[in-house]
Each structure stands twice: as C-alpha cells, then as structure tokens.
Amino acid sequence: ALQNQKAVMRYEILHNTHYEYETPVSYLIQLLRLTPRSGAGQNVINWSIGAPTRLQPQVDVFGNHTHVMTITQPITALDVNVRGVVEVNEDASGHRFSGMDGISPYIFTQATPFTEADAELTDFAKQYISGTQISEAQALRLMQAVHEKIVYTTGSTQVTTTAAQAFAQGQGVCQDQAHVFLACARALGIPARYISGYLNTGDIGHVASHAWIDVYTDAHEWLSIDITNTCITDGRHCRLAIGRDYDSACPVRGTRMGGGTESMAAHVYVSAQGDVNVYEQFLKQQQQ
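Residues numbered from 1 in each chain as written. Predicted model: local features only at pLDDT ≥ 70, side-chain atom pairs only at ≥ 80, totals over all residues. Heavy atoms only, no water.

Draft legend 1. Spatial organisation of the packing of helix H2 (residues 119–126) against helix H5 (residues 174–187). As a packed pair, H2 and H5 sit with axes 9 Å apart at the nearest point and diverge in direction by 75°. Here H2 is positioned roughly perpendicular relative to H5, judged by the angle of their axes. Contact residues: H2 offers Leu121, Thr122, Phe124 and Ala125, while H5 offers Val180, Ala183, Cys184 and Ala187. Counted by class, the contact of H2 with H5 contains seven nonpolar, one polar and no charged residues. (Axes fitted to C-alpha atoms, helices over the stretch in contact; angles between N-to-C directions. Helix = DSSP H or I, 4+ residues; strand = E, 2+ residues; numbered from the N terminus. Parallel < 35°, antiparallel > 145°, perpendicular 65-115°, else oblique. Contact = heavy atoms within 4.5 Å. Nonpolar A, V, L, I, M, F, W, Y, C, P; charged D, E, K, R; others polar.)

Written as structure tokens, this is what we have:
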C-alpha cells in the first residue's frame, strides 16, 4: 500500500536505432541491453524490442535482461525499435535501495581498464573518502568534486577514453564522469557500479541516453547519483542496465563481418503521462 502512495512519473519510451552499411553485412551479432527491470525505484509496465530476426533472451551476471541478435543473411540496413512504459519514483528516497539483490556489492570494488585509478586519481579520492566506507554526505561531496573537475564537454572524449585520461584532460561526458567516480571509489575499496539508462531532459518529447552510478554507502544500501546533474536520481531517470563500467552496461555491443563503413542514427523519445499527441508527431517525423 505504501508503494502505491509514492509519487511516480509514468513514461512511454521509444528508442529507434537505424544502421546503414556501405556494403552488405554477411554476419552480425549484437548483445542488446535495452530492457529495464522493475526495482531500484522503478516499475516496468510493459516493454518490447522489434528487430528483423528472433532475439534470444538471457539474464547476465549482473541480473540485466539482455537479448542476443544474430543475422546470418546479407543486409545493408538494420532497425532496432524499442518501446515500453515505465513508472519511476519521483522521490529521491526511492533511489536508495538494499544491496541484498542476490549479488554481493563487493564484486563492484574490482577495477577495470576503464576505471583503473592512477596516483593522481587516488590522491583526489582521498580528499573526499576516508577508510573503506563512504557516507552519503561524502558521496555527494565526491559527486560535486568530480562534476567540477570533469567539465561536461560534448565530443571531448571517445567511448574508449579511460577514467585516468578523462581526469588528466579535465573534460568529458556523462560516461567519463561516471568512470572517474567509479575509479575514485574502487581505489579505496568502496563498491560502486555504472548505470546506463534514459534521462527525461524536460524538453517536450525528448529523452537522452545517459549514464550515472550507484555507490554502496555505510548505511549498507546503494545510493543512485547522477554526476552530470549533481543530484540523487529521481523521477527523470529510467535505469536500463548495471555493470562494472560502460563496457559491461552499454545498451548495444556487437561485431559484424563485412559492411564497410557504418552509419547509425538513434532517436530516443519519451512521452510523460501518456502524451499521445506528441507521440504521434514523433512517429510522423520518423516516417519522413
């Protein structure tokens, strides 16, 4: 009953990805992490993925709902269309949640190539964290410090940029800000994990693919924080997948044979509280 009394935002989300290839692709396999799950401040009402071939559903080691897509006949274009309805708790208290989800928080203390801390990053972390536990207040101070240190600059990094590289150059995007926070936490043995998802930007009909982090606090719960927007996550954030870093949580990962140069266009759209008119306009734009 208490759950029903919480204020929630209800979204219809559409995520259309269109690929075109210079020459025919003879074989393609992709792992799709494009399906959210209920829990951690959200409830999935319905969700579907449209693709030109049958998808093989799986659950990965982190509990993410994934699909494997394999195409073995020649193609020069590919569309993946995601559509679903999700309710997200508006109250930030719904974005602090138990670490008892079947996975030990401490598997998220392991550094990865993206989140390996060098001496500079470790020294930076020690200014905000003492010991091997972090309080919520310390986590929020570190969030603010990383936000100020890594100035959000579109196009300043690539998907292969590491936390140490982003830290050294002092700029990056949400992925880099998340990786720098993770590197700081893990350098001192504090569990923290990468979250991929959608952010409602407040523009009518527009939602952005986004990244943020969960950090395991001394209250023995995960605190979900958005470094780019310096806040505890709230009703604007829809979680897709969790992982140790971008590589293990990104929405699409794949490989192909042939195809030459690839071009990709992605459109992500949200309709809050079932705004059907805006949704119909969006569909018309896609067909033009």
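Draft legend 2. Region of the structure containing the pattern of salt bridges. Inspection of every chain in the model, using the stated rule, returns eight salt bridges. Taken together, the salt bridges that share partners define one network made up of Arg193, Asp214 and Arg239. (Salt bridge = Lys/Arg side-chain N within 4 Å of Asp/Glu carboxyl O.)

Draft legend 3. Spatial organisation of the packing of helix H3 (residues 136–149) against H5. Relative orientation of the contacting elements H3 and H5 amounts to 135°, with a least axis distance of 10 Å. Judged by the inter-axis angle, H3 sits oblique to H5. Judged by the sense of rotation from one axis to the other, the crossing of H3 with H5 is right-handed. From H3, Ala139, Leu142, Met143, Val146 and His147 reach across to H5, where they touch Gln177, Val180, Phe181 and Cys184. (Left-handed = near helix turned anticlockwise from the far one by under 90°.)

Draft legend 4. Geometry of the nonpolar core. Grouped together as the largest cluster of nonpolar side chains are 39 residues, with contacts concentrated most on Leu121, Val146, Val180, Phe181, Ile213, Val215 and Ile225. Among the elements of the structure, H2, H3, helix H4 (163–169), H5, strand S9 (192–200), strand S10 (207–216), strand S11 (221–226) and helix H6 (246–249) are those that each provide at least two residues to this core. A per-element tally of this core places H5 first, with eight residues. Once residues within four sequence positions are removed from consideration, valine 180 is found in contact with Leu121, Val146, Ile150, Ala163, Ala166 and Phe167. If you look at the next biggest cluster of nonpolar residues, it comprises 26 residues, including Trp47, Ile49, Met69 and Val270. (Core = buried A, V, L, I, M, F, W, Y, C linked by side-chain atoms within 4.5 Å. Buried < 20%, exposed > 50% of the residue type's maximum accessible area, 1.4 Å probe, protein only.)

Draft legend 5. Structural view of the environment of arginine 236. In this fold, arginine 236 is placed in the loop between strand S12 (231–232) and strand S13 (237–243). Through-space distance from the C-alpha of arginine 236 to that of glutamine 177 is 19 Å; in sequence the pair is 59 residues apart.

Draft legend 6. Structural view of the state of the cysteines. This model, assessed by the stated rule, comprises zero disulfides. Here cysteine 231 stays unpaired: no disulfide links it, and the sulfur of cysteine 174, its closest cysteine neighbor, is 13 Å away. For the unlinked cysteine cysteine 238, the closest cysteine sulfur is that of cysteine 174, found at 15 Å. By relative accessible area, cysteine 238 is classed as buried at 2%. (Disulfide = S-S within 2.5 Å.)

Draft legend 7. Examining the packing of aromatic side chains more closely. The full count for this structure, using the stated rule, is nine aromatic pairs. Ring geometry for phenylalanine 108 and tryptophan 222: centres 5.9 Å apart, planes at 85°, overall edge-to-face. Remark: tryptophan 222 occurs in strand S11 and phenylalanine 108 occurs in the loop between strand S6 (96–98) and H2; sequence separation between them is 114 residues. Tryptophan 222 carries the same exposure label as phenylalanine 108, and that label is buried. These aromatic residues form a ring-pair network of at least three members: Phe62, Tyr106, Phe108, Tyr216 and Trp222. Geometry around tryptophan 222 places arginine 193 over its ring, the cationic atom sitting 4.0 Å from the centre. (Phe/Tyr/Trp six-rings, centres within 6.5 Å; stacked < 30°, edge-to-face > 60°. Lys NZ or Arg CZ within 6 Å of the ring centre and 35° of its normal.)

Draft legend 8. Region of the structure containing H2. For H2, the full list of buried residues reads Leu121, Thr122, Phe124 and Ala125. All buried residues of H2 lie within an arc of 160° about the axis, which places them on one face of the element. For H2, the elements touching its buried residues are H3, H4 and H5. (Arc of directions from axis to C-beta.)

Draft legend 9. Structural detail: the side chain of aspartate 214. Note on placement: aspartate 214 falls in strand S10. At 3.0 Å, the side chain of aspartate 214 and the side chain of serine 224 are in polar contact. Setting aside residues no more than four positions away along its own chain, aspartate 214 makes contact with Phe97, Pro191, Ala192, Arg193, Ile195, Trp222, Leu223, Ser224 and Arg239. (Polar contact = N/O pair within 3.5 Å; in protein donor to acceptor, adjacent residues only side chain to side chain.)

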